[in-house]
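Listed here are the chains, written in short residue letters.
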Amino acid sequence: MRIFWQSFIDATASAGYMTRLSDYLNGIAEPGTTVDVFGISPPDRHFGRLAEFRCAAIAIDNGLEAASRGYDAVVIGHFQDPGLYELKSALTIPVIGAGEVCMHYAARLGRRMALITLDDVFQVWHYEQADLYGLGNRVKHVAGLNCEPSDFSAAFAGDDKARRRMLANFTACAEPLVRDGADVVVPAGVLPGLLVGGEYGFKVLHAPVVNTAAVTLKSAEMDVRLRNINGIEVSRGPFCALANEHAVEDFRTFVAKGRGAPLFPSGT
């Protein structure tokens, strides 16, 4: 089994994280499964809807390329899942969104979920995700660490002091939400998910903390296995009708070459 994992982090600027993520995923993968982690450059560095939209277009194009090269599944390893449904509509292999599968997994562990995201700017986005996935009444709290992806670099490079500091920051952010009624804590991102994933049985007070990296990978492996067993895939009715080859060609041409003719001719 070959899994294409699309991170929204720059592979060069965050080399320590990318190496740690690749090693971790391949270390917990089933025998015979390989996970190839790819970044985006420039990454999702300007937090907001427009940056997410740009990265989504690149992720969709990369997913199409991955499928053409024989990968068995494509993972959007970015909790906000931008482009998830569009990519599902473009591919016949499983497409897994980290946010979608981790929220649904967390819903099995507790009634009320708290999401800990990188920045407060994503709060509204995550509430919208919860509504989209039918979990709006279960996600009661979203709080931001208000940090940059680079803040994790030292911890992933082996600095134990930095690791303990980031874990303490995560716990301090989550603890008031658990005291306010959250049953389970979800790191709303693979970056913090990988950080807490290294801690066996990690909890904030009584609330288990979901290992988003592991849940996402195991969901991908499961989807591939189930597809091989009975051919199941996403609904091809109105929800995710399969795009035809011309729509795919138009999209890939747009990503490769831009819009073509300008809106206004030069000189006007």
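Whatever comes next refers back to the structure up there.
Residues numbered from 1 in each chain as written. Predicted model: local features only at pLDDT ≥ 70, side-chain atom pairs only at ≥ 80, totals over all residues. Heavy atoms only, no water.

So, about the side chain of Q6. Mapping Q6 onto the fold places it in strand 1 (residues 2–6). For Q6, a relative accessible area of 1% puts it in the buried group. Engagement of the side chain of Q6 in a polar contact is seen with the backbone oxygen of F38, the distance being 3.3 Å. Excluding residues that lie within four positions of it along the chain, Q6 makes contacts with F38, G39, I40, A59, N62, V75, I76, G77 and H78. (Helix = DSSP H or I, 4+ residues; strand = E, 2+ residues; numbered from the N terminus. Buried < 20%, exposed > 50% of the residue type's maximum accessible area, 1.4 Å probe, protein only. Polar contact = N/O pair within 3.5 Å; in protein donor to acceptor, adjacent residues only side chain to side chain. Contact = heavy atoms within 4.5 Å.)

What follows concerns the sheet that holds strand 7 (residues 184–187). Read across the open sheet, the 3 strands follow the order 6-5-7; overall the sheet is parallel. The outermost strands of the open sheet, each flanked by one partner alone, are strand 6 (139–144) and strand 7. Pairs of neighbouring strands in the sheet enclose a mean axial angle of 20 degrees, with direction left out of account. Of the strand pairs in this sheet, strand 5 (residues 113–117) and strand 6 are connected by 5 bridges, and their pairing is parallel. Pairing of I116 across the sheet is with A143, part of strand 6. (Pairing = 2+ DSSP bridges. Axes fitted to C-alpha atoms, helices over the stretch in contact; angles between N-to-C directions.)

A few words now on the sheet that holds strand 2 (residues 34–38). Taking strand neighbours across the sheet as the criterion, the 4 strands line up as 2-1-3-4 in an open arrangement whose pairing is parallel. A strand with exactly one partner marks an edge of an open sheet, and here the two such strands are strand 2 and strand 4 (95–97). The sheet shows a mean angle of 20 degrees between the axes of neighbouring strands, taken without regard to direction. Pairing between strand 1 and strand 2: 5 bridges, direction parallel. Opposite I3, over in strand 2, you have V35 as the bridge partner.

Attention now moves to the pairing of strand 7. Along strand 7, one buried face is formed by V184 and V186 and the opposite face, lined by V185 and P187, is buried too. Where strand 5 and strand 7 come together, 4 bridges link them in parallel fashion. From the neighbouring strand, M113 faces strand 7, where its bridge partner is V184.

Once that is clear, we can look at the packing of aromatic side chains. The way to describe two aromatic rings as a pair is by their centre distance and the angle between their planes. Enumeration over the complete set of coordinates arrives at 5 aromatic pairs. The interplanar angle of 80 degrees and the centroid separation of 5.5 Å between the aromatic rings of F4 and Y71 together place this pair among those described as edge-to-face. Here F4 is found in strand 1, whereas its partner Y71 is found in the loop between helix 2 (49–68) and strand 3 (73–76), with 67 residues between them in sequence. Here F4 and Y71 have matching classes, each one buried. (Phe/Tyr/Trp six-rings, centres within 6.5 Å; stacked < 30°, edge-to-face > 60°.)

Turning next to the pattern of salt bridges. Inspection of the entire model under this criterion finds 13 salt bridges. Between E65 and R69 there is a salt bridge, with the nearest N and O atoms lying 2.7 Å from each other. Owing to a relative accessible area of 27%, E65 belongs among the partly exposed residues under this scheme. Owing to a relative accessible area of 59%, R69 belongs among the exposed residues under this scheme. The structure contains a network of salt bridges with shared partners spanning D61, E65, R69 and R252. (Salt bridge = Lys/Arg side-chain N within 4 Å of Asp/Glu carboxyl O.)

At D81, a residue that is not glycine, the phi angle is positive and equals roughly 60 degrees. Of note in this structure, L205 is not a glycine but carries a positive phi near 55 degrees. By the element assignment, L205 lies in the loop between strand 8 (203–204) and strand 9 (207–208).

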